[in-house]
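# What the coordinates show
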Amino acid sequence: MTDSVSLPSQVRQLLETAPRETLPMTYQQLAETLGLQPPRTIQRVAQALETLMREDAEHSRPFIAALVISRRGEGLPAQGFFDLAVELGRFPAEPSRQAEAWREEAERVLAAMR
């Protein structure tokens, strides 16, 4: 992808146009698809996703970042996603309710992309 377009914009475009069967994708898959080179590839992806979450919250859209998950754990986004979702007032602060909130958010994103 080109440097003339910001990384958050590239991430949004990639997620919006990705074949549905490839979603959700991992942070690593997203970095590789974008052609990012080390160092700090995952950190740059995470920062771009946080920017998109803030944009989506500002425009009352579902978090497109919900379509990106960690390869570790239970197929959920990294903790930073949940922390920011709570900070933005979109997810419950109670950790036991966050995975379900994420599933619902991912479904809203996919429904909005149809």
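### Here we look at the pattern of salt bridges
- Scanning the model with the defined rule gives six salt bridges in all.
- The partner of R12 in a salt bridge is D56, and the shortest N-O contact between them spans 2.9 Å. In this pair, R12 is assigned in helix α1 (residues 7-17) and D56 in helix α3 (residues 41-58), connecting sequence segments 44 residues apart.
- When its relative accessible area of 14% is taken as the criterion, R12 is described as buried.
- Of the charged contacts, one joins R103 and E100 as a salt bridge, the two residues approaching to 3.4 Å between their closest N and O atoms. Residue R103 and its partner E100 are both found in helix α5 (residues 98-112); the two are separated by three residues, about one turn of the helix.

### Some points on the packing of aromatic side chains
- Considering all chains together, one arrives at five aromatic pairs under this definition.
- On the basis of an interplanar angle of 90° and a centroid distance of 5.3 Å, the ring pair of F81 and F82 is categorised as edge-to-face. F82 carries the same exposure label as F81, and that label is buried.
- Members of the aromatic cluster, joined through ring pairs, are F63, F81, F82 and F91.
- Over the ring of F63 we find R90, and its NZ or CZ is 4.2 Å from the ring centre.

Procedures and definitions
Residues numbered from 1 in each chain as written. Predicted model: local features only at pLDDT ≥ 70, side-chain atom pairs only at ≥ 80, totals over all residues. Heavy atoms only, no water. Salt bridge = Lys/Arg side-chain N within 4 Å of Asp/Glu carboxyl O. Helix = DSSP H or I, 4+ residues; strand = E, 2+ residues; numbered from the N terminus. Buried < 20%, exposed > 50% of the residue type's maximum accessible area, 1.4 Å probe, protein only. Phe/Tyr/Trp six-rings, centres within 6.5 Å; stacked < 30°, edge-to-face > 60°. Lys NZ or Arg CZ within 6 Å of the ring centre and 35° of its normal.

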